[in-house]
Amino acid sequence: MAEPIIGIDLGTTFSCVACWDEKTNKVEVIESASGRTCPSWVSFTKEGKLVGTAAKSQVASNPKNTVYDVKRIIGRSFSDPVTAEECKNFPFDVVEGSAHGEPKIVVDWRGERKELRPEEISAFVLAELKGAAERHLGKEVKSAVITVPAHFNNQQRQATKDAGRIAGLDVKRIINEPTAAALSYGLHSKNDKEGAGDKSKKANVVIFDLGGGTFDVSVLAMDEGVFEVKATGGDTHLGGEDFDNTVLAWCLEQIKAKNSDVHKKLQDNPRAMSRLRRAVENAKRAISSGMSTELEVDSLIADFDFSVTLDRAKFEELNAALFKRCIDTVKEVLDDAQCSIDDVTDLVLVGGSTRIPCIQSSLYNMFGGKIELCKSVHPDEAVAHGAAVQGHILATGGSGGGKDLAGAEMTTDLLLLDVTPLSLGIELEGKQMSTLIKRNTPIPCKKTRTYTTVDDWQTEIDVVVFEGERPHVDANNKLGSFVISGVQRARAGEPKVDVTFALDANGILNVSARDQVTGAEARAEIKAEKGRLTSDDIDKMIADAERYRAQDEELAEKTAYKTALEEALFTVQSKVAESNKPNEVKELADLMDWLELDSDTATFDDMKKRGRVIEDTWGFIVA
Ligand code: AMP
């Protein structure tokens, strides 16, 4: 049996892992302790580290050490304006690493100040998913395919690959998220079948990916198993959380109108705000299937119970402008791709927020109802699903078979290819960009061009590598540089130096230069100019993770119990208010005091003791 290669969607807000199941011959999404999707959150405490839902539950009580959204800064330098902009929104601190100018997240972990790179945070999420896959498969998992947004550059891909290595994974392939989503629907083989005898027939696939915090639209052209990204667009700050925010603001207005004192107190009570936010999100999910729901939070502040009816019409009214932005973006990206609505053959929905009926119907109307929305694969899981399809193809070397979840025959003899998202080249005199590999070239690929010197008797050349589409290198992204010495000593323009760019299947670049006459040679694996992790760094990080594994598992269990305990207490609170029995009122007051003042430092045994009190007094089982 082939060694498994799992597929991981390492998302901004959620991640997901899937693998090929030899028994059922299809892709299975694997449950972690957080469920089928795992929040990409890591929280650091005095006792250890939490990942996923357990980490997210710490946001109110431990905001400075609860880290999320690192995908927004992974592979970027600290001085990148995007990093500065993103850091403004983070409740945790980010500083500039002293060695390489990379961003470092500052946390208090086991009572010590630690500075961690975004790659390390992502590695904790990946390790959690690797562990889940190992439990599911009953064996060690060593390899993975990990997805990244189509617009990720070389550094961001490299950093994602490093995150995989820190998590103990050999990252066999980095693939684009929209490509993975298309794979999950078997669209790579569909064209082959439908176009049998007509190889010129191309599929044009629109991938509409609306997640928790990001929105991506991609147009892919598929030709003989190669996906070419024609255009991408979207908004790095638009998603389900924005829809939650509009509803939350509306709830706060209602609360203010009913009781301005409660409204005021809410602002200083992160625990109550996070309970309200959770109720809002649940209500939003509920009205994707029903027409209306009661949004309720018992004892939101002291004995104030909040309740309001949320229906679809209200939800759509509150979010009309945001929904319109999403639909307008599809039109813009289609224009960029020079693809008309009639040319589109498939529309794939990805991301939890595509379950919103108004989004689905707007898309359906936009395409005149002519094409079916591909939504049979769970939208939160489509990307991981496609990554697992790619993993299976790599693991079996094309000899595997079977059907994917969408029912399409897997074309496992096809080596799936991706394309490079940005053009790659070197700097010439006058800061001109000389492109060797054009964007959208299928990878892996290799290109050589011959260059010469600009000064007489010059024996050294600086090879400075950039990615980007602009003719002037200052507007592009510098990837790195190296020097070739021993160039033929001759008049300017006479030496001939071959520069070769080899881009591997992960989109990672190797550059070499060779003088045709002297044979002098220099080469470099082009990684981020600054802030690359060395193998030693990575090995140390792997060892640290191993050392603390057992404690972290215990902490996760304890935290889940504490969340359940908290929920139980809030539920019991309304019961006690109704019955008003003095002994129960006293018992509850003691428990609430303990929760407020002592629960953060309580031992697991102490927590279980309180859980038993709740069970004995109110028959409410804390689990
Ligand atoms: P993702 O990052 O793709 O997993 O998307 C998560 C986002 O999808 C969150 O904002 C969720 O609130 C949202 N979501 C999940 N299920 C639903 C649903 N049934 N209706 C509306 N939004 C949903």
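Residues numbered from 1 in each chain as written. Predicted model: local features only at pLDDT ≥ 70, side-chain atom pairs only at ≥ 80, totals over all residues. Heavy atoms only, no water.

1. A few points about the overall build of the protein chain
Helix and strand counts for the protein chain come out as 17 helices and 29 strands. Since a compact globule built from 623 residues should have a radius of gyration of about 25 Å, the 27 Å found for the protein chain is in line with a globular shape. C-alpha extents for the protein chain along the principal axes are approximately 100 × 55 × 50 Å. Residues classed as buried in the protein chain amount to 53% of the 623 residues present. A fraction of 65% describes how many contacts in the protein chain between residues 6 or more apart in sequence connect residues 24 or more apart. Only carbon and sulfur atoms are counted for the fraction: they give 48% of the accessible area of the protein chain, which is about 27,300 Å². One way to put it: in the protein chain the 78 positive side-chain charges average out to a point 1 Å from where the 102 negative ones average out. (Helix = DSSP H or I, 4+ residues; strand = E, 2+ residues; numbered from the N terminus. Rg over C-alpha atoms; globule rule 2.2 N^0.38 Å. Buried < 20%, exposed > 50% of the residue type's maximum accessible area, 1.4 Å probe, protein only. Contact = heavy atoms within 4.5 Å. Areas by Shrake-Rupley, 256 points an atom, 1.4 Å probe, with all protein chains shown as cover. Lys, Arg positive; Asp, Glu negative; His and termini not counted. Charge placed at Lys NZ, Arg CZ, Asp CG, Glu CD.)

2. Concerning the domain arrangement of the protein chain
Segmenting the protein chain into domains produces domain 1 (5-177 + 383-414), domain 2 (199-374), domain 3 (420-526) and domain 4 (549-618). Computed over C-alpha atoms only, the centres of domain 3 and domain 4 are separated by 64 Å. (Domains from an automatic or database assignment.)

3. Digging into the sheet that holds strand E22 (residues 432-437)
In spatial order, the strands read E22-E21-E25-E26; together these four strands make up an open sheet with antiparallel pairing. Lying at the two open borders of the sheet, with one neighbouring strand each, are E22 and strand E26 (477-485). Neighbour-to-neighbour, the strand axes of this sheet turn through a mean angle of 30°, independent of strand direction. Two elements, strand E21 (residues 424-428) and E22, share five bridges in a ladder whose sense is antiparallel. Bridge pairing in E22 places Leu424 opposite Ile437. In the packing of helix H4 (residues 154-166) onto the sheet, the strands contacted are strand E25 (460-467) and E26, and the crossing angle to E26 comes to about 90°. (Pairing = 2+ DSSP bridges. Axes fitted to C-alpha atoms, helices over the stretch in contact; angles between N-to-C directions.)

4. Comments concerning the nonpolar core
Ranked by internal contacts, the top residues of the largest apolar core, which has 52 residues, are Phe208 and Leu300. Beyond its immediate sequence surroundings of up to four residues, Leu300 is in contact with Ile255, Leu266, Ala272, Arg275, Leu276 and Phe306. With 49 residues, the next largest nonpolar core counts Ile8, Val42, Ala55 and Val67 among its residues. (Core = buried A, V, L, I, M, F, W, Y, C linked by side-chain atoms within 4.5 Å.)

5. Let's talk about helix H12 (residues 357-366)
The complete set of buried residues in H12 reads Cys358, Ile359, Gln360, Leu363 and Met366. Residues of H12 that are buried in the fold lie against strand E13 (203-210), helix H10 (312-318), helix H11 (320-336), strand E18 (346-350) and strand E19 (373-374). Looking at the residues trailing H12, positive phi occurs at Gly368, about 60°.

6. Brief notes about the packing of aromatic side chains
In this description, an aromatic ring pair is defined by two values, namely the gap between the centres and the angle between the planes. Counted according to the given criterion, the structure contains 11 aromatic pairs. Look at Phe90 and Phe92: their rings are 4.5 Å apart centre to centre, the planes differ by 20°, and that puts the pair in the stacked class. Through pairs of rings, three or more aromatic residues link up here, namely Trp41, Tyr68, Phe90 and Phe92. Lying over the aromatic face of Phe124, Lys49 brings its terminal NZ or CZ to 4.7 Å of the ring centre. Its guanidinium or amino end placed over the ring of Phe570, Arg275 lies 3.7 Å from that ring's centre, counting from NZ or CZ. (Phe/Tyr/Trp six-rings, centres within 6.5 Å; stacked < 30°, edge-to-face > 60°. Lys NZ or Arg CZ within 6 Å of the ring centre and 35° of its normal.)

7. Points about the pairing of strand E8 (residues 93-96)
Direction of pairing for E8 relative to strand E9 (residues 103-109): antiparallel, over a ladder of four bridges. Bridge pairing in E9 places Val95 opposite Lys104. Remark: six residues form the turn of the hairpin made by E8 and E9, two consecutive strands paired antiparallel; Gly101 in that turn has positive phi of roughly 75°.

8. Points about the site of the ligand
Residues in close proximity to the ligand total 16 residues, the closest being Thr13, Glu281, Lys284, Ser288 and Arg355. Lys284 has a polar side-chain atom sitting 2.7 Å from an oxygen atom of the ligand. Take Arg355: an N or O atom from its side chain is 2.5 Å from a nitrogen atom of the ligand. In isolation the ligand exposes 500 Å². Once the protein is present, 91% of that is buried. Those elements that place two or more of their residues in the shell around the ligand are helix H7 (240-258) and helix H9 (270-289). Tallying contributions element by element places H9 first for the shell around the ligand, with four residues. Class assignment of the residues belonging to the shell around the ligand gives a composition of two nonpolar, eight polar and six charged. (Near = heavy atom within 4 Å. Polar contact = N/O pair within 3.5 Å; in protein donor to acceptor, adjacent residues only side chain to side chain. Nonpolar A, V, L, I, M, F, W, Y, C, P; charged D, E, K, R; others polar.)

9. A short note on a negative patch on the surface
Judged by side-chain charge, Glu294, Glu296, Asp298, Asp303, Asp305 and Glu578 come together as a negatively charged surface patch. Looking at which element gives the most residues to the negative patch, the answer is strand E16 (residues 292-301), with three residues. Note that Glu296 resides in strand E16. (Patch = residues over 30% accessible without salt bridge, like charges linked within 9 Å, V, L, I, M, F, W, Y side chains within 5 Å. Salt bridge = Lys/Arg side-chain N within 4 Å of Asp/Glu carboxyl O.)

10. Notes on the pairing of E13
Burial runs high along E13: eight of the eight residues are buried. Judged by which residues are buried, E13 turns out to be covered on both faces: Ala203, Val205, Ile207 and Asp209 on one side and Asn204, Val206, Phe208 and Leu210 on the other are all buried. Bridging between E13 and strand E14 (residues 215-223) involves eight bridges; their strand directions are antiparallel. Within E14, the position partnered with Phe208 by the bridge is Val217. Linkage of E13 to E14, two consecutive antiparallel strands, is achieved through a turn of four residues. Looking at chain direction, E13 and E18 are connected through five bridges and run parallel. Paired with Val205 across the bridge in E18 is Asp346.

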